[in-house]
Amino acid sequence: MSILEGQGVTKYFGGLAAVSNVDFHVDQGEIVGLIGPNGAGKTTLFGLISAAVIPNSGTIRFKGENITSLKPHQICKKGLARTFQSVKVFSDMSVLNNVTLGAHFGRLQRVSEARATDEAARLLEFVGLTGKAKVQAKDLTLANQKLLEVARALATKPEVLLLDEIMAGLNSTEITQAMELVSKIRAQGITIFMIEHVMKAIMSVCDRIMVLDHGKKIAEGTPQEVATSKTVVEVYLGE
Amino acid sequence: MNWRSLALKSFLLPGVVLLIVLIIMAALPSFGSKYSIIFLSTIFMYIVLTTGWVMFSGPTRQISLATAVFFGIGIYVAAILGMHLPLVVMVLVSGLISSVMALMVGGLTLRLKGVYFTIFTFGLLELIKNLINWYEVTFTGTRGRFVVVVNNNTIYLYMLAITGLTLLTAFLIRRSKYGLALQSIGEQEEAAAHIGINVTVMKVSIFAISAFFMGAAGAVMATRWTYIDPFMAFNMNYSFTPVLMAIFGGVGQLGGVVIGAIIFAYLEQILITQYPYYYMLLFGLVMVISMLFLPNGLAGMVQKWRARTVGGGNVHS
Amino acid sequence: MLEVRNVDAFYGKIQALWDICLLVSESNIVALVGSNGAGKTTLVNTITGLLRPAAGSISFLGQRIDSLPTHSIVELGISYVPQGGKVFPEMTVRENLEMGAYPFHAWKQKDDTFQQVYEIFPRLMEREKQLARTLSGGEHQMLAIGRALMSKPKLCIFDEPSYGLAPLLVKEMFETIQNLRKQGITIFLIEQNVRHSLEIADRAYVLENGRLCLEGDCAELLQSDHVRKAYMGL
C-alpha cells in the first residue's frame, strides 16, 4: 500500500480539464518528482491532494484512508503538508512566529509556548535560517521565503511533504543546498513529492518521476527512463 | 536573570499601574460628579464596542458592520428580561444570546470575501431592525419597550467591569497562539488552513466572543435609556463609530484602540456642546486630516516616533 | 543606450546599492548576475523609476531619466518584465497583452504585435480568452513577457525570465531573447541561470551585496573562478 495514492483524479475548471483521470502513487520513504510543461496541471494536482481544490471525480488515499472529502486543516493533521508555488508566508510576522504557528497547529498535541518555540528554532536551524529568526517574513529574499515555507510545513510534523518548485529562482550553489535539504528531509523519514523544473535536481534527487502534460499523465519511471523517453523530450525537455 | 527582570518590567510595572487606575476608577462614584460618571460610562461603551470590533476585524481583515446588531440584541434582551432577572444574570444572558446570534450568522457567512461580507453585515442590521419593528407593530401593538431602571453608579460599575473584561480578553487572545493564528488567517488564509488551523472555527469563535461583550454592553446601556425602540437599539452609528475609532487610534495596538475610543468620544462630546451647529463638520474635518497624515492611526504615529528616537527594532503588539 | 553612473540607492535608511556604473549599448544583450538579495531588483526599480537614486545619474538615449515618473520612462521605450510575471489577474490574456500596448506608438501597431507574440508563445493564443489568474505560474511568466513586448520597446529589461519555466520553454525563451536582439531591441537581462545568460549575452555584470564586483566580456566571466564557484556550483 502506498502512503499516498490517487485513482482517476479529475478536475475541471469551467470546460477545461486541468487534471484528467490521473492515477499516481508515492511509496513511503520515496522522493517522487512531478514534472511537465507549464500549465500541465502539476500545482492543481497538489491542490487536489491537499484539498485546496475539490476534485470532480476520483479518489485520493493517504495511509490507506480516503481523504478526498476532507478539508486542508484536517489533511494537515493527518500528516500531509505542502509548500506553495507562489510563496505564502505570513508577511507581517517574524520568521520564528511563522514556524511556531506550524508547530502549534500541526500534529503535535497540546504544545506549550516554550516547546513550540524550541521546535521552531530547531527547524530554522535545519533549513539554515537561524540568523533571521526575528526578521519579518516580508523582508526575506524569495529564496529564503521558500525555505521558511519548508520549515513551517515541517513544523506540522508531516509524514508526506509536497514541495512546489522550491528551487525556482535559485542559482546553482543555492540549488545544491536545496537538494541537500531535500535529502536531509527524507533522511528524517519523510516522504517527498516534489514539483520542479530544475532538471539537475530532479534527476539526481528523485527515485521516480511522473510527467504530466495537458492534465494527463504521459510518462512515469526512473529518472533515466524519463529523461530518455521520446515523448518527454519532445514535450518538455527539448534538446 | 536578565529575562526575568525584563518580564517584570513589561508585566509588573504596567500591571501595577493598571491596578491603581482600576481602583481609582472603581472608587469614582464616591467622589466624582454625576456628569463625569455618565460621561465615562459612555466612553466605556465605546471602548467595549471598538475593542470588540478590533478583536475580529483586526486580524481577519474582514470588516464587520454587525457591531450594532449585537449591541442592539443586548439592548432588546435587557428590555424583555430586565424586569424578571437580577441585573448580573440579565447582562450575562444578553451577552450569550448575542454570541449565539454571532455563531449562526458567522457560520453562514464568514465564507463571504471582502466587501460582500461587510455589506452582508450591514444588511443584517437593517433586516433585524425592520423585523423587530414589524413584529412589534403586528403582534404587540406598540412600538418599543420600557427597560428596568438602574442607577447611574451601578451602570458605571458594570460598564467598568465589562470594559476591563473585554480588554483583558482581547489582550490575552492577542498574546496567545490563537491571536497569532487569527493574524495568519487574515494574511494568508489558504496557507493558514494548510498548517492545521481550522479557519472557520477560529473566525466564528472570535466573532462570537466579540459579540458577547457587545451584547453585554448593550444590556447595561439600555437601562440608562429606560425606553427603547428598534430604531434606537439597532442604530448604524454603533456599527460605524467603532470602526472610525479603531482606525483613528490605530488597529495594530490595543492601547491605540483604547486611546482612539477615548479621544474620539471626548472630541465628540466637546464638539457637540461647544459648537452644536458645526460639530459634524468639524468632526469630519478631524477625520479627514487624521486619515491623510496618520494612516496608521495614533498608535502608528507613536510607533514611528519611537522608532526614530530609539533607533528601530520590532514593536511587539 | 542606457547609462547608469555612480548610482546609490536606499530603501528608507538602508543602503542597497553602492556606486553602480553600467552601460547597455544598442542592440546588445547585457546580463546582470547575482544572488538573491544582492540588489538586482533594486537596481532595476531604480532604472524604471520606482525608486529614486540617492546619488548618481541614469540616462537613456542621452536623456536623464532618474527623476522621471515610471510611465514617462515607459513612453520613452523602456519595458520591464517583473520577476514572477505580475499579470492583471482579473483581465483576460488578450486584455493583459493589450494593456502592454498602452504607450501611444505601440497602440497603433498592436494587431501586428499580437501576431508576433502569439508566434513566440502559442500557448497564450490557446488561452486568449481566459482570465489571467487561471493561468499556471509559468504561463504568467510568458504573459508578462508578451505584455512587455507589446509596448514595442527599445530596451527590454527581463527580471528572471526563466523563473518557473519548463526546460523546453527556457531554451525557447533564451532563443526568443536572441531573436528580439535581431529585431533591434536592446536587452538587459537579470538572471540566476548564469550559464544560459552568459552564453547569449555580450557583456555581463556581477552584483554582490549591492556592489558591482565583476564586469566584462562573457567568455571571460564564464572562465572566472569566482563566477564558477559562487554561481555555477562548479
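A quick note: this is a predicted structure, and the numbers were derived from the prediction, not measured. Each chain has its residues counted from 1, running along the sequence as written. Each chain takes a letter, starting from A, and each ligand takes a number, starting from 1, following the order in which they are written. The predicted nature of this model means local features are confined to residues of pLDDT at least 70 and side-chain atom pairs, given and counted, to a pLDDT of 80 or more, with totals for whole chains, interfaces and linings taken over all residues.

What's the story with the overall build of chain A in this structure? I'm lost.
A tally of regular secondary structure across chain A gives nine helices and ten strands. Within these notes, the globule rule equals 2.2 Å times the number of residues to the 0.38 power, and the radius of gyration is based on C-alpha atoms. The C-alpha radius of gyration of chain A comes to 17 Å, within 12% of the 18 Å expected for a compact globule of 239 residues. When its C-alpha atoms are laid out on the principal axes, chain A stretches across 50 × 40 × 35 Å. Any residue whose C-beta has 12 or fewer other C-beta atoms within 10 Å is treated as exposed, any with 20 or more as buried, and any in between as partly exposed, C-beta atoms being built from the backbone. When burial is assessed residue by residue, chain A has 53% of its 239 residues classed as buried. A residue pair is marked as a contact if its C-beta atoms, positioned from the backbone, fall within 7 Å. For chain A, restricting intrachain contacts to residue pairs at least 6 apart in sequence, the fraction spanning at least 24 positions comes to 66%. Here a strand is any run of E in DSSP of at least two residues, a helix any run of H or I of at least four, and the numbering for each starts at the N terminus.

For this particular structure, what's the right way to read the overall build of chain C?
Scanning chain C for helices and strands turns up eleven helices and ten strands. Scaling as 2.2 N^0.38, a compact globule of 234 residues should have a C-alpha radius of gyration of about 17 Å, and chain C matches this with 17 Å. The dimensions of chain C, computed from C-alpha atoms along their principal axes, are 45 × 40 × 35 Å. Here chain C holds 234 residues, and 49% of them are scored as buried. Taking the contacts inside chain C whose residues are at least 6 apart along the sequence as the reference set, 67% of them involve residues at least 24 apart.

Could you clarify how one ought to interpret the interface of chain A and chain C in this entry?
In this complex, chain A contributes 24 residues to the contact, which on the side of chain C involves 25 residues. Looking at side-chain class alone, the side of chain A that touches chain C contains ten nonpolar, 13 polar and one charged residues. Following the grouping adopted for this structure description, the nonpolar residues are Ala, Val, Leu, Ile, Met, Phe, Trp, Tyr, Cys and Pro, the charged ones are Asp, Glu, Lys and Arg, and the polar ones are all others, Gly among them.

Sorry, what's going on with helix H4 (residues 113-127) of chain A here?
One full turn of an α-helix is made of 3.6 residues, so residues set three or four places apart face in the same direction. Residue and element names in this part refer to chain A. To estimate how far a helix should reach, multiply one less than its number of residues by 1.5 Å. Over its 15 residues, H4 extends 21 Å from the first C-alpha to the last, a length consistent with the 21 Å expected when each residue adds 1.5 Å. Summarising the contacts, the buried residues of H4 are in contact with helix H3 (95-105), helix H5 (142-155) and helix H6 (172-187). Remark: Gly128 follows H4 within two positions and exhibits a positive phi of approximately 95°.

I would appreciate a short explanation of the sheet that holds strand E3 (residues 31-35) of chain A in the present structure.
To summarise the sheet geometry, strands pair through backbone hydrogen bonds and adopt either a parallel or an antiparallel arrangement. Residue and element names in this part refer to chain A. Strand order in the open sheet made by the six strands is E6-E7-E8-E3-E9-E10, with mixed pairing throughout. Each edge of the open sheet is held by one strand with a lone partner, namely strand E6 (80-82) and strand E10 (216-221). On average, each strand axis in the sheet is tilted by 20° relative to the strand beside it, whichever way the strands run. Here, strands pair whenever DSSP counts at least two bridges between them. Where strand E9 (residues 208-213) lies against E10, five bridges are found, and the strand directions are antiparallel. By the bridge assignment for E10, Val211 is matched with Ala219. Every axis in this analysis is a line fitted to C-alpha atoms, fitted for helices over the stretch in contact. Angles between the N-to-C directions lie between 0 and 180 degrees. The strands touched by H6 are E3, strand E7 (160-164) and strand E8 (191-195); relative to E8, the strand with the most contacts, the crossing angle is about 150°.

Whenever I open this one, the confidence of the model for chain C confuses me. Can you help?
Interpretation of the predicted coordinates at a detailed level should be avoided for regions scoring low in pLDDT. pLDDT is a residue-level measure of predictor confidence that goes from 0 to 100. Residues with a pLDDT of 70 or more make up 99% of chain C, whose mean pLDDT is 85. For this predicted complex, the interface confidence reaches an ipTM of 0.92, while the overall pTM sits at 0.85.

How do you make sense of the arrangement of the chains when you look at a structure like this?
Where the two pairs of chains in contact are concerned, the greatest contact count is recorded for chains A and C. Nothing in chain B touches chain C; the tightest C-alpha to C-alpha distance between them is still 10 Å.

Teacher, can you tell me more about the sheet that holds strand E4 (residues 57-62) of chain A here?
All names here are of chain A. What the four strands build is an open sheet, ordered E2-E1-E4-E5; its pairing is antiparallel. The open sheet has two edge strands, strand E2 (16-26) and strand E5 (65-66), and neither has a second partner. Sheet topology places strand E1 (residues 4-13) next to E4; five bridges connect them, and they run antiparallel. Along E4, the bridge assignment pairs Gly6 with Ile60. Against the sheet, helix H1 (residues 42-49) contacts E1, E2 and E4, and its axis sits at roughly 65° relative to E2.

I keep staring at the environment of Glu5 of chain A and nothing clicks. Help me out?
All names here are of chain A. Structurally, Glu5 is set in strand E1. According to the C-beta neighbour criterion, Glu5 is partly exposed, with 18 such atoms within 10 Å. Glu5 sits 108 residues away from Glu113 along the chain, and the two C-alpha atoms are 35 Å apart. Once residues lying within four places of it in the same chain are set aside, the contact partners of Glu5 are Phe24, His25 and Arg61.

What is the right way to look at unusual backbone geometry in this model?
With the exception of glycine, the majority of residues adopt a negative phi angle, and the majority of peptide bonds are in the trans configuration. All names here are of chain A. Positive phi is not limited to glycine here, since Lys63 has a value of about 50°. Within the chain, His214 stands out as a residue other than glycine whose phi angle is a positive 50°. Position of His214 relative to the elements: it lies in the loop between E9 and E10.

Before we go on, may I ask you to explain the interface of chain A and chain B in this structure?
The extent of an interface is frequently quoted as the accessible surface area lost upon association of the parts. At the interface, 22 residues of chain A touch 16 residues of chain B. The element contributing the most residues to the side of chain A that touches chain B is H3 of chain A, with five residues. For the side of chain A that touches chain B, the per-class residue count stands at eight nonpolar, eight polar and six charged.

Is there a simple way to think about the domain arrangement of chain A in this case?
All names here are of chain A. Structurally, chain A comprises domain 1 (1-79 + 158-239) and domain 2 (89-157). Residue-level contacts link ten residues of domain 1 with ten residues of domain 2. Looking at the side of domain 1 that touches domain 2, the elements that each hand over two or more residues are helix H2 (72-78) and H6. Looking at the side of domain 1 that touches domain 2, its residues break down into six nonpolar, two polar and two charged. The source of the domain bounds is an automatic or database domain assignment.

Even after reading the chapter, I still don't get the nonpolar core, so can you show me in this structure?
For soluble globular proteins, nonpolar side chains are generally found buried alongside one another. Grouped together as the largest cluster of nonpolar side chains are 239 residues, with contacts concentrated most on Ala151 of chain A, Ile75, Ala217 and Val220 of chain B together with Ile157 and Leu189 of chain C. Per element, the largest residue contribution to this core is 17 residues, and it comes from helix H9 (residues 199-225) of chain B. Both of domain 1 (1-79 + 158-239) and domain 2 (89-157) of chain A provide at least three residues apiece to this core. In contact with Val220 of chain B, other than residues within four places in its own chain, are Val91, Ile155, Tyr158, Met159 and Ile162 of chain B. Put simply, a nonpolar core is buried Ala, Val, Leu, Ile, Met, Phe, Trp, Tyr and Cys residues tied into one set by C-beta atoms within 7 Å.

What should I look at first to understand the packing of helix H3 (residues 67-81) of chain B against H9 of chain B in this one?
The description of two packed helices rests on the angle between their axes and on the distance between the axes. All names here are of chain B. Closest axis-to-axis distance for the H3/H9 pair is 7 Å, and the angle between their directions is 45°. By the angle between their directions, the pair H3 and H9 is classed as oblique. With respect to the hand of their crossing, H3 and H9 are arranged in right-handed fashion. Contacts from Thr67, Phe70, Phe71, Gly72, Ile73, Gly74, Ile75, Val77, Ala78 and Ala79 in H3 reach Ala211, Met214, Gly215, Ala216, Ala217, Gly218, Ala219, Met221, Ala222 and Thr223 in H9. The residue inventory of the contact of H3 with H9, partitioned by class, reads 14 nonpolar, six polar and no charged. Any angle that falls under 35 degrees is termed roughly parallel, while one over 145 is termed roughly antiparallel, one within 65 to 115 roughly perpendicular, and all others oblique. Two helices that cross are described as forming a left-handed crossing if the nearer one is turned anticlockwise from the farther one by less than a right angle, and a right-handed crossing if clockwise.

What exactly am I supposed to notice about helix H5 (residues 114-140) of chain B here?
Residues and elements named next belong to chain B. With 27 residues, H5 should reach 39 Å at 1.5 Å per residue; the first-to-last C-alpha distance of 39 Å fits that figure. Those residues of H5 lying buried are Phe117, Thr121, Leu124, Leu125, Ile128, Lys129 and Ile132. In this structure, the buried side of H5 is in contact with H3, helix H4 (87-109), helix H10 (230-233) and helix H11 (237-249). Positive backbone phi, at 80°, marks Gly141, one or two positions downstream of H5.

Quick question: what am I supposed to make of the environment of Ser57 of chain C here?
Residues and elements named next belong to chain C. Within the secondary structure, Ser57 sits in strand E4 (residues 55-60). With 37 residues separating them along the chain, Ser57 and Ile20 place their C-alpha atoms 9.8 Å apart. When near neighbours in sequence (up to four residues on either side) are disregarded, Ser57 contacts Arg5, Arg64 and Asp66.

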